[in-house]
Amino acid sequence: AAEGTGGNKMAGKIAIVTGVGPAGESGSIENIGLATARRLLADGCVVVGTDVLDGSAALSAVAHAVGAADRAHFEQCDVRDSAAVRALVAQTAAECGGIDFLVNVTGVGVETGAVDLLPEDSMELTVDVNLQGCIRFARECVPLMKAAGTGAIVNIASQLAISARPNMPTYIATKGGVSAFTRALAIDHA
């Protein structure tokens, strides 16, 4: 469907989108999280965007662009913090009356080197953000969706989940993990 044509079935649905941080330094490039938020807003959803960085201005800009400023809300949240994720999901559900969609976009790719050269902190950051952050948000949203009898979770991985590039072993492993986690969610909850 063209942007904006899915309004009826999507109108009023509540979506959490992670990775809605600031656009590129040029200010003209939307990241995947912002592009996802834009589409959901255009289709009539209420979007709660989140990122560890302050993406409020970027989310506001895409919301204004599609005439949905009143349906876009930004909440700063670090996907590595289970308590913060739990609080954001609970607050969203309480204030909006539930959660219909979760789109896990958040990701980092900080490593540059073969596995034997990677610093411990970059490996831990990549796994904690890319894979465990996705799991944390799903863990909090699934019970709400089950109770409502409806809901959808989309986890953004990468083509690197099934291919490879040099010097990105942890990133590639986490994206493969996101893909496998998505299949596991589908088996358990579809």
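A short tour of the structure in this document, coming up. The written sequence of each chain sets the order in which its residues are numbered from 1. This being a predicted model, a pLDDT of at least 70 is required before a residue's local features are given, and a value of 80 or more before pairs of side-chain atoms are given or counted; all residues contribute to the totals for chains, interfaces and linings. Side-chain calculation: all heavy atoms of the structure are included, whereas hydrogens and water are not.

Within the largest apolar cluster, 21 residues are counted, with the highest numbers of intra-cluster contacts made by Ile16, Val89, Ile99, Leu102, Phe137 and Cys141. Labels follow the DSSP assignment, with helices taken as runs of H or I lasting at least four residues and strands as runs of E lasting at least two, numbered in each case from the N terminus. Sorting the residues of this core by element identifies helix H4 (82–96), helix H5 (120–148) and helix H6 (169–189) as the ones contributing at least two each. By residue number, the principal contributor to this core is H5, which donates 8 residues. Note on contacts: a residue pair qualifies if any of its non-hydrogen atoms lie within 4.5 Å across the two residues. Dropping the residues within four chain positions of it, phenylalanine 137 is found in contact with Ile16, Thr18, Thr50, Cys77, Val79, Val85, Leu88, Val89, Leu102 and Asn104. Within the second largest apolar cluster, 20 residues are counted, among which are Val17, Val20, Ala63 and Ala68. Nonpolar core, defined: a set of buried Ala, Val, Leu, Ile, Met, Phe, Trp, Tyr and Cys residues in which side-chain atoms within 4.5 Å join the residues together. Buried residues are those whose accessible area, probed at 1.4 Å on protein chains only, stays under 20% of the maximum for their type, while exposed residues exceed 50% and partly exposed ones sit between those limits.

Next up on the list: the pairing of strand S2 (residues 46–51). In regular strands, side chains alternate between the two faces of the sheet. For S2, the tally of buried residues reaches 6 of 6 residues, placing the bulk of the element in the interior. Residues Val46, Val48 and Thr50 line one face of S2 and the alternating positions Val47, Gly49 and Asp51 line the opposite face, and both faces are buried. For two strands to count as paired, DSSP must find a minimum of two bridges between them. Both strand S1 (residues 14–18) and S2 contribute to a ladder of 5 bridges, which runs parallel. Among the inter-strand pairings, isoleucine 14 is bridged to a residue of S2, identified as valine 46. One ladder, built from 5 bridges, connects S2 with strand S3 (residues 72–76); its direction is parallel.

Multiply 1.5 Å by the residue count of a helix minus one, and that product is the helix's expected span. Compared with an ideal rise of 1.5 Å per residue, which puts 15 residues at 21 Å, H4 spans 21 Å between its outermost C-alpha atoms and is within 8% of the ideal. Every buried residue of H4 is listed here: Val85, Leu88, Val89, Thr92 and Ala93. Angularly, the buried residues of H4 cover 125 degrees about the axis, an arc narrow enough to put them on a single face. For H4, the exposed residues lying more than 90 degrees away from the buried face are Ala94 and Glu95. On its buried face, H4 is in contact with S1, S2, S3 and H5. In protein, a polar contact means a hydrogen-donor-capable atom and an acceptor-capable atom, both N or O and within 3.5 Å, with residues adjacent in sequence counting only if both atoms are side-chain atoms; elsewhere, any N or O pair within 3.5 Å suffices. N-capping of H4 is provided by aspartate 81, with a side-chain oxygen placed 3.1 Å from the backbone N of alanine 83. Count one or two residues on from H4 and you reach glycine 97, which has phi positive near 85 degrees. By definition, the arc is the one covered by directions from the helix axis to the C-beta atoms.

To obtain each axis, a line is fitted to C-alpha atoms, and for helices this fit is confined to the stretch in contact; angles are then taken between N-to-C directions over 0 to 180 degrees. The contact between H5 and H6 brings their axes to 9 Å, and the two run at 15 degrees. When the axis of H5 is compared with that of H6, the two are roughly parallel. The chirality of how H5 crosses H6 is right-handed. Contact residues: Met123, Thr126, Val127, Asn130, Leu131, Cys134, Ile135, Ala138, Val142 and Lys146 in H5; Thr170, Tyr171, Thr174, Lys175, Gly177, Val178, Phe181, Leu185 and His189 in H6. Every angle not falling under 35 degrees, over 145, or within 65 to 115 is termed oblique; those three ranges are roughly parallel, roughly antiparallel and roughly perpendicular. A crossing counts as left-handed when the near helix is turned anticlockwise from the far one by less than a right angle, and as right-handed when that turn is clockwise.

Moving on to the pairing of S1. Burial within S1 is extensive, with 5 of its 5 residues counted as buried. Here S1 shows no split at all, with Ile14, Ile16 and Thr18 on one side and Ala15 and Val17 on the other all buried. Relative to strand S4 (residues 101–104), S1 runs parallel, the two being bridged by 3 bridges. The partner of valine 17 across the bridge, within S4, is valine 103.

Moving on: the environment of glutamine 76. Of note, glutamine 76 is situated in strand S3. In this structure the C-alpha to C-alpha distance between glutamine 76 and threonine 18, which are 58 residues apart in sequence, comes to 9.8 Å. Beyond its immediate sequence surroundings of up to four residues, glutamine 76 is in contact with Thr50, Asp51, Val52, Leu53 and Asp54. A distance of 2.7 Å separates a polar side-chain atom of glutamine 76 from the backbone oxygen of valine 52.

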